[in-house]
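Report on the structure
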Amino acid sequence: MDSTQNIKTRLKAVNSVNQITKAMEVVAATKMRKAQEVALNSRPYAFAALELLKKLTGTLPIETTLTVKRPVNHTVLLVVASDRGLTGAFNTQVFRSASQFLAKDEKIINNLSHRYSIVAVGKKTVGFAAKRNIPVIKNFYGVGDYVTPEEVKPITDHIARGFVNGEWDRVVAISTHFRTTLKQDVLIRHVLPVNMEEIKKTVEEITPEHGRYTNGAETQKHGQKIGTETQDYLFEPGIAEIVDSLLPHLITMQIYHLILEANASEHSARRVAMKSASDNADELSHTLAINYNKARQSAITKEIIEITSTQSALT
Amino acid sequence: MKINALTLKGIAFKGEAESLNVKTLSGEITVLDHHRPLISVLTKGEITITTPDRKKTSIHARSGFLEIGNTNEVTLLID
């Protein structure tokens, strides 16, 4: 058995680790709630924007520079991971899905001149890209905590500009979808060329399936409202121009949501990881405390035996 | 008329208004009650909403969209 001194030092260390992980757990929980709230605040805007697009494209299908489908020679992956570690399996899951997607996609495309690039959100993505030998076009750091629409704008602008200029022909986003506080999935969404269905799906996914922020009734109401109205609108300057300026907004909105959800998922994953870490620390500290008491008791017993044996030797 | 001004951060204004002044791509316009249905693109500038009690609310917009429905409802999407 270890000496009491040794056990005491270990016990102290375990207890301070416990304190740190507990603190991190609480911080992550608060941040997760905040990220969810932010996502929810933008919901009315998202629904209204989608409705507007329905009204615009309901009359006739419109082809713009952002909806055009080209033969794919260059695919950009927007991979959303975290800046920092200690998030449990959060990053690994994203990267595993990305690898699976690449493996499948290479077979489908079957084109030797086709190549992939990565737009990285989060420092960990850069590491993944280096490991897979995929060039990183641009990286965005520090979008981990409270993301604002202004922060997302450069990301969207970059992606859309490259697509319009013909630098790449397809943009695929790989990010974590926040289903509930305990369950997150990695989803692969096609961002460009713009697809109405994909945007609609993202908007509908804004509400988590369970928990404080679920509001099924409202979503339903909005769902019915879309597309039932046909009105005689006056378009200024013209339908095509309006759609042209609306689409970048929709993409920004979509990516904003992707990142918000990834944020909420990251914090939630970190919370779970920290919770199990503090649980482990609790258990460890418990066994160490018992060991310490045992060691202390055996030391005392030994001393008493020594005293009594000396005494009996003297008499 | 009813105005619903939405941004990505939340609802900027919601309620009754007497008039609405916005800058659109084809010039600055003022929207009063029972405007005909219109969809337009906003440009950079201030959006001024005058409520029935003559109070003015001002919102800054970098870009956005204006939609006037035929039920005297106005939706603003502001960035």
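In the block above lies the structure referred to throughout.
Parameters and conventions
- Residues numbered from 1 in each chain as written.
- Chains lettered and ligands numbered in written order.
- Predicted model: local features only at pLDDT ≥ 70, side-chain atom pairs only at ≥ 80, totals over all residues.
- Helix = DSSP H or I, 4+ residues; strand = E, 2+ residues; numbered from the N terminus.
- Rg over C-alpha atoms; globule rule 2.2 N^0.38 Å.
- Buried ≥ 20, exposed ≤ 12 C-beta atoms within 10 Å, placed from the backbone.
- Axes fitted to C-alpha atoms, helices over the stretch in contact; angles between N-to-C directions.
- Parallel < 35°, antiparallel > 145°, perpendicular 65-115°, else oblique.
- Left-handed = near helix turned anticlockwise from the far one by under 90°.
- Contact = placed C-beta atoms within 7 Å.
- Nonpolar A, V, L, I, M, F, W, Y, C, P; charged D, E, K, R; others polar.
- Pairing = 2+ DSSP bridges.
- Expected span 1.5 Å × (residues − 1).
- Core = buried A, V, L, I, M, F, W, Y, C linked by C-beta atoms within 7 Å.
- Arc of directions from axis to C-beta.

**Let's talk about the overall build of chain B**
If you tally the helices and strands in chain B, you get zero helices and nine strands. Put simply, chain B runs from its N terminus to its C terminus through helices and strands in the order β-β-β-β-β-β-β-β-β. The C-alpha atoms of chain B give a radius of gyration of 11 Å, which matches the 12 Å a tight globule of 79 residues would have. Along the first, second and third principal axes, the C-alpha atoms of chain B reach 25 × 25 × 20 Å. For chain B, the residues scored as buried account for 33% of the 79 residues in total.

**Details of the packing of helix α5 (residues 149-164) of chain A against helix α8 (residues 239-314) of chain A**
Residues and elements named next belong to chain A. At a minimum axis distance of 9 Å, the contact between α5 and α8 shows a crossing angle of 120°. It follows that α5 is oblique to α8 by the angle criterion. For the crossing formed where α5 meets α8, the hand is right-handed. Of the residues in α8, those in contact with Pro 149, Val 152, Lys 153, Ile 155, Thr 156 and Ala 160 of α5 are Pro 248, Ile 251, Thr 252, Ile 255, Tyr 256 and Ile 259. Partitioned by chemical class, the residues of the contact of α5 with α8 number nine nonpolar, two polar and one charged.

**Some words on the sheet that holds strand β5 (residues 184-192) of chain A**
Residues and elements named next belong to chain A. One open sheet holds the five strands; their spatial order is β3-β2-β1-β4-β5, and the pairing between them is mixed. With one partner strand each, in any of the chains shown, β3 (136-140) and β5 form the two edges of the open sheet. On average, adjacent strands in this sheet sit at an angle of 20° to one another, irrespective of strand direction. Bridge count for strand β1 (residues 74-80) against strand β4 (residues 170-178) is five bridges, and the pairing is parallel. Bridge pairing in β4 links Val 79 to Ile 174. Helix-sheet contacts for α8 involve β1, β2 (115-121), β4 and β5, and the interaxial angle to β4 is about 40°.

**Quick notes on helix α1 (residues 4-41) of chain A**
Residue and element names in this part refer to chain A. Its 38 residues place the ends of α1 56 Å apart at the C-alpha level, agreeing with the 56 Å of an ideal helix rising 1.5 Å per residue. By the burial criterion, the buried members of α1 are Ile 7, Val 14, Thr 21, Ala 28, Lys 31, Met 32, Ala 35, Gln 36, Val 38 and Ala 39. Where α1 is buried, its residues touch α8.

**Some remarks on the nonpolar core**
Residue and element names in this part refer to chain A. Among the nonpolar cores identified, the biggest contains 87 residues, and Leu 78, Val 79 and Ile 259 are the most heavily contacted of them. In terms of residue count, α8 provides more of this core than any other element does, 17 residues in total. Setting aside anything within four residues of it in sequence, one finds Val 79 in contact with Val 94, Ala 98, Ile 118, Ala 120, Val 121, Thr 125, Phe 128 and Ile 174.

**Quick notes on the interface of chain A and chain B**
Taken together, the contact between chain A and chain B spans 23 residues of the former and 22 residues of the latter. When contributions to the side of chain A that touches chain B are tallied by element, the ones reaching two or more residues are α2 (43-59), β6 (234-236) and α8 of chain A. A total of seven residues in the side of chain A that touches chain B trace back to one element, the largest contributor, which is α8 of chain A. Across three bridges, β6 of chain A lies against strand β5 (residues 38-42) of chain B in parallel orientation.

**Some details on the packing of α1 of chain A against α8 of chain A**
All names here are of chain A. One way to put it is that α1 packs onto α8 with a least axis distance of 7 Å and a crossing angle of 160°. Regarding the angle of α1 to α8, the classification is roughly antiparallel. At the point where α1 passes α8, the crossing takes the left-handed sense. In the contact of α1 with α8, the residues fall into 22 nonpolar, 12 polar and 11 charged.

**Re helix α6 (residues 196-204) of chain A**
When we look at burial in α6 of chain A, the residues that qualify are Ile 199, Thr 202 and Val 203 of chain A. Summarising the axial view, the buried residues of α6 of chain A lie within an arc of 100°, below the 170-degree limit, and thus occupy one face.

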